Amino acid sequence: MTKRFAAALDGPSGAGKSTVAKAAAARLGILYVDTGAMYRAVGLAVLRRGIGEDDAAGIEQVLPEITVTLRHGPDGQRVFLSGEDVSDAIRNDRVAQYASKCSAVPAVRAFLLDAQRALARENSVIMDGRDIGTVVLPDAEVKIFLTASVEARAQRRYHELQERGQDVTLEGVRADIERRDSQDRNRPIAPLRQAGDAVLLDTSSMTLEASIDAVLRLITEKTGVGQ
Ligand code: DC
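Residues numbered from 1 in each chain as written. Predicted model: local features only at pLDDT ≥ 70, side-chain atom pairs only at ≥ 80, totals over all residues. Heavy atoms only, no water.

*Asks:* Describe in detail the sheet that holds strand E3 (residues 68-73), supporting the description with residues and values.
*Replies:* Read from one edge of the open sheet, 3 strands run E3-E4-E5, paired in antiparallel fashion. Two strands lie at the open edges of the sheet, namely E3 and strand E5 (84-85), each paired on one side alone. As paired elements, E3 and strand E4 (residues 76-81) share 6 bridges and run antiparallel to each other. The residue of E4 that forms the bridge with histidine 72 is glutamine 77. Together, E3, E4 and E5 form the strand contacts of helix H2 (residues 36-48), whose direction differs from that of E4 by roughly 30°. (Pairing = 2+ DSSP bridges. Helix = DSSP H or I, 4+ residues; strand = E, 2+ residues; numbered from the N terminus. Contact = heavy atoms within 4.5 Å. Axes fitted to C-alpha atoms, helices over the stretch in contact; angles between N-to-C directions.)

Dropping the structure here:
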């Protein structure tokens, strides 16, 4: 049995964290945890109740009324909001914007933290988010800050959304990414930033395969797993 380990993968929106982390976790046979989905589930709950995205007190009041849980199965991670599978309903820009706003509310972060840490206690994980290496798992064996230029991220996200049939423009996608970056970087609590001991991986001019290989190499280097 190999020792349990955690790989923290942080970075801005659209850097490809989830695609890279999912593929790397599948190759290593370990759990992939997408913490953004949990913030999105809270965002969806707030949006559905008609609470404004800047109404921190209103957002906080929603928390005792909901549960957010992750389940991992053969098809990967599913996220449940009070028992309802919302894995697909959370994948749009309006929910992303609400998630970003909700994630700046300290009570929301506290609400999700224990579940995130418990997953890493019980499993080897690749966990992706904004504050995994800095706050959630400061002792993670592997820490990677995955980033790419705004242009590269906007292009990738634009093509992804187009393929899903969403009616978007490149400029609109870029503006969304920049707004979310700024909100996530500039909030007072657990802002998006590279942990001091994280390795910076800029994928602007890397293919997806090369990014996955680079992440796997870093994990092998630090843990010996996958050798
Ligand atoms: O990764 P994502 O786009 O699904 O995340 C949605 C929002 O959730 C993101 O804009 C910021 C927030 N988030 C966070 O604050 N901390 C995390 N660990 C993950 C996401």
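*Asks:* Tell me about the sheet that holds strand E1 (residues 6-10), and name the residues and values.
*Replies:* Overall, parallel pairing links the 5 strands, which are arranged E2-E6-E1-E7-E8 in an open sheet. Strands at the two margins of the open sheet, each flanked by one partner only, are strand E2 (31-34) and strand E8 (199-202). The sheet shows a mean angle of 20° between the axes of neighbouring strands, taken without regard to direction. Bridging between E2 and strand E6 (residues 125-129) involves 4 bridges; their strand directions are parallel. Looking across to E6, one finds that tyrosine 32 is bridged to isoleucine 126. Each of E1, E2, E6 and strand E7 (142-147) is contacted by helix H1 (residues 17-28), which is oriented at about 175° to E6, the strand it contacts most. In the packing of helix H9 (residues 208-223) onto the sheet, contacts are made with E1, E6, E7 and E8, and the angle to E7 comes to roughly 160°.

*Asks:* An account of the pattern of salt bridges is requested, with residue identities and associated values reported.
*Replies:* All chains considered together, the criterion is met by 18 salt bridges. The closest approach of N and O atoms between aspartate 85 and arginine 78, which form a salt bridge, is 2.9 Å. On the basis of relative accessibility, which here comes to 29%, the residue arginine 78 falls in the partly exposed class. Glutamate 178 is the salt-bridge partner of arginine 174, the closest N and O atoms lying 3.4 Å from each other. Here glutamate 178 and arginine 174 lie together in helix H8 (residues 170-186), a separation of 4 residues that amounts to about one turn. The exposure class of arginine 174 is partly exposed, given its relative accessible area of 29%. Classification of glutamate 178 by relative accessible area gives partly exposed; the value is 35%. The structure contains a network of salt bridges with shared partners spanning Arg27, Glu209 and Asp213. (Salt bridge = Lys/Arg side-chain N within 4 Å of Asp/Glu carboxyl O. Buried < 20%, exposed > 50% of the residue type's maximum accessible area, 1.4 Å probe, protein only.)

*Asks:* Quick one: what's the story with the nonpolar core, residue by residue and with numbers?
*Replies:* Core analysis: the biggest nonpolar cluster contains 39 residues, and Val42, Val68, Met127 and Leu137 have the highest contact counts within it. Residues in contact with methionine 127, not counting those within four places in the same chain, are Ala7, Ala8, Leu9, Val33, Thr35, Gln116, Leu119, Ala120, Ile132, Val136 and Leu137. Core analysis: the next-biggest nonpolar cluster, separate from the first, contains 22 residues, Ala7, Val20, Ile30 and Val142 among them. (Core = buried A, V, L, I, M, F, W, Y, C linked by side-chain atoms within 4.5 Å.)

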